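Chain residues, written in single-letter form:
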Amino acid sequence: MINEYLFVSDEYRSDVEKLKFDGVKIEINDIEKADIRIARFIVEGRGEDSARKLSDVHDKVTEFGPKVLTCESSQYFNKTLFPLVNDFECKLRKLIYLADAVSDKNSNNIGELEKKDFGKIFDLLFIDEGFIEKLKARVTASKGSKYEGKSRYTKSEILKFLNDTAENTLWDKIFDKDDVPTLKKRFRDIQTYRNDVMHAHNIGKKTFGEIRYLFKKVNGEIDKAIGKRINYARKEDTSTNVSKAICTALQRLTDVGEAIRSEFADLHSVFDPIAERLSSGYAERLREAAEMFDNPELKALRREYDWQNRINEELLTPEYIEALKQSSEFEEYLRQQRLEIPKGPQEALKTEQPGALEDLKEKIKEM
């Protein structure tokens, strides 16, 4: 079993050569034409003991900042964990499908659930969109809401609000409290570990042990919950509502996704004509100006397009400043941000800076 690391300088060469690990052979090969070197750490065998030895090597060598070329210790851990994670996903879907079918054998929910990836399934089960909307309304104290004028608050006030606001997840609606309690308590850890395994992230021996223990435990709990569904052990007075709850949650998830896409489309309809009116160079600078003028809507667009560079002195050429002055569309867009924005996902983008246009004009005059 081999772990390989690429070093692009000799800064840590002596440190690496001094490393000693029981049962580990070390080789350092120089690639002279490229002025780089590859350090190989080799152990006999292909089993868990070998992987654990190389995991210790990996933890120490990565302290020197090399590029990881090959990490067969992590590959072993990933291959060992994959069946457990795969079983978990299959069992979880089986549990949900059975709960739905027991509630309503004619339900169409299973077909819709099959279209959802693992991330969407977890959002569906454990995230209460209604709770999130209530929290956003309280924190932003948006215009027209019952919290308007209460946008300044203490930590204790927000904590009280959280304690007084019910969170009704789909999981709590369709399963009993004793169903898969570890998944309910640690779903975020399980989601993270699942992604680490499925995407072949480097995993050390400690994390390997944690993941193996957790998924074995959860899989066993899911098996028990599946047995309950097969034996109709769930209380009948609540089981009839399971299928309706799943259907409602699926529709809400779809509505949220469509609303977000619609809001971005609205932003594009305003911003794209400006980009087209200006040359490509000026358009890029206008996008970067979103950071300087701290306009939330433009900043949201900047993130979507992954615009990385903040505006600086060199970019503010006289031609660019003149383009800004002459851009009536840009001024109208900023002016519109002082008006009330309709409720919905756009609420999260709402600006609280009514002087954005005036600030922009002042900054331009100063240049």
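### Thoughts on the nonpolar core
Reasoning step 1: Counting residues in hydrophobic clusters, the biggest one holds 54 residues, and the most contacted among them are Phe41, Phe88, Leu92 and Leu183.
Reasoning step 2: Ranked by residue count, the leading element in this core is helix H3 (residues 72–103), at ten residues.
Reasoning step 3: Leucine 183 has contacts with Phe88, Leu92, Phe122, Phe126, Trp171, Ile190, Val218 and Glu221, leaving out every residue within four places of it along the chain.

### Things to note about the pairing of strand E3 (residues 36–42)
Reasoning step 1: Bridge analysis of strand E1 (residues 2–7) against E3 gives six bridges, and the strand direction is antiparallel. Looking at E3, one finds that asparagine 3 is bridged to phenylalanine 41.
Reasoning step 2: Across seven bridges, the pairing between strand E2 (residues 25–31) and E3 is antiparallel. In the strand pairing of E3, isoleucine 31 is matched with isoleucine 36.
Reasoning step 3: From the end of E2 to the start of E3, which pair antiparallel, there are four residues, and aspartate 35 there has a positive phi angle of about 55°.

### Some details on the pattern of salt bridges
Reasoning step 1: The final tally for this structure, using the stated rule, is 22 salt bridges.
Reasoning step 2: Residue aspartate 10 is joined to arginine 13 by a salt bridge in which the shortest nitrogen-to-oxygen separation is 3.8 Å.
Reasoning step 3: Since its relative accessible area comes to 46%, aspartate 10 is described here as partly exposed.
Reasoning step 4: Residues aspartate 30 and arginine 37 are paired through a salt bridge, measuring 3.3 Å at the closest nitrogen-oxygen approach.
Reasoning step 5: Bridged by salt links that share partners, the residues Asp10, Arg13, Glu17, Asp30, Asp35 and Arg37 form one connected network.

### Observations regarding empty space enclosed by the protein
Reasoning step 1: By the definition in use, this model includes two cavities of 30 Å³ or more.
Reasoning step 2: In this structure, the largest cavity is lined by Phe7, Ser9, Tyr12, Arg13, Val16, Ile28, Arg37 and Ala39.
Reasoning step 3: Going through the elements one at a time, helix H1 (13–17) and E3 are the ones with two or more residues in the lining of the largest cavity.
Reasoning step 4: When grouped by side-chain class, the residues that make up the lining of the largest cavity number five nonpolar, one polar and two charged.
Reasoning step 5: By volume, the second largest cavity is sized at about 40 Å³.
Reasoning step 6: Of all the secondary-structure elements, those providing two or more residues to the lining of the second largest cavity are H3 and helix H5 (118–126).
Reasoning step 7: For the lining of the second largest cavity, the leading source of residues is H3, giving three residues.

### Side note on the confidence of the model for the protein
Reasoning step 1: Confidence in the prediction of the protein, expressed as mean pLDDT, is 76, and 63% of residues score 70 or more.
Reasoning step 2: Here helix H11 (residues 236–239) is the element of the protein with the lowest mean pLDDT, 46, and helix H2 (residues 48–61) is the one with the highest, 97.
Reasoning step 3: Of the regions scoring below 50 in pLDDT, residues 302–316 engages in 29 contacts with residues more than four places distant in sequence or in other chains.
Reasoning step 4: Below pLDDT 50 for its whole length, residues 337–354 participates in 28 contacts with residues either more than four positions away or in separate chains.

### Concerning the packing of aromatic side chains
How two aromatic rings sit relative to each other is given by the distance of their centres and the angle of their planes.
Reasoning step 1: Within the structure shown, the criterion is met by 14 aromatic pairs.
Reasoning step 2: Three or more aromatic residues link up through ring pairs in this structure, and these residues are Phe88, Phe118, Phe122, Phe126, Trp171, Phe175, Phe187 and Phe215.

### Comments concerning the packing of H2 against helix H10 (residues 205–230)
Reasoning step 1: For the pair H2 and H10, the least separation of the axes is 9 Å and the interaxial angle reads 130°. Judged on the interaxial angle alone, H10 and H2 are oblique. Note on element contacts: H10 touches H2 through Lys205, Phe208 and Arg212, opposite Glu48, Arg52, Ser55 and Asp56.
Reasoning step 2: Of the residues contributing to the contact of H2 with H10, the split by class is one nonpolar, one polar and five charged.

The rules behind the values
- The residue numbers shown here count from 1 along each chain, following its written sequence.
- Local features in this predicted model are restricted to residues of pLDDT 70 or higher, and side-chain atom pairs are both shown and tallied only at a pLDDT of 80 or more, whereas totals for entire chains, interfaces and linings draw on every residue.
- To get the side-chain values, take all heavy atoms of the structure and skip hydrogens and water.
- For our purposes a nonpolar core is just a set of buried Ala, Val, Leu, Ile, Met, Phe, Trp, Tyr and Cys residues, chained together by side-chain atoms within 4.5 Å.
- Each residue is assigned to one of three classes by its accessible area relative to the maximum for its type, calculated with a 1.4 Å probe on protein chains only: buried under 20%, partly exposed between the two thresholds, exposed over 50%.
- In this text, helices come from DSSP runs of H or I with a minimum length of four residues, and strands from runs of E with a minimum of two, each type numbered from the N-terminal end.
- The contact definition used throughout considers only heavy atoms, calling two residues in contact when any of these lie within 4.5 Å.
- Should DSSP find at least two bridges between two strands, the strands are taken to pair.
- Just to be clear on terms, a salt bridge is a Lys or Arg side-chain nitrogen sitting within 4 Å of an Asp or Glu carboxyl oxygen.
- The pocket and cavity definitions rest on a 1 Å grid over protein atoms only: a 1.4 Å probe that fits but cannot leave marks a cavity, an open set with protein on both sides within 12 Å along at least five of seven lines marks a pocket, and residues lining either have an atom within 4 Å of a point.
- Grid points are joined across faces, edges and corners, and a volume is the space filled by probe spheres set on the points.
- Three classes are used: nonpolar for Ala, Val, Leu, Ile, Met, Phe, Trp, Tyr, Cys and Pro, charged for Asp, Glu, Lys and Arg, and polar for all others, with Gly counted as polar.
- Residue-level confidence of the predictor, termed pLDDT, takes values from 0 up to 100.
- Classification of ring pairs rests on two measures: the distance between centres of Phe, Tyr or Trp rings, Trp counted by its six-membered ring, which must be within 6.5 Å, and the angle between planes, read as stacked under 30 degrees, edge-to-face over 60 and tilted in between.
- Angles run from 0 to 180 degrees between N-to-C directions of axes, and those axes are lines fitted to C-alpha atoms, restricted for helices to the stretch in contact.
- Orientation is classified from the angle alone, with under 35 degrees giving roughly parallel, over 145 giving roughly antiparallel, 65 to 115 giving roughly perpendicular, and any other angle giving oblique.

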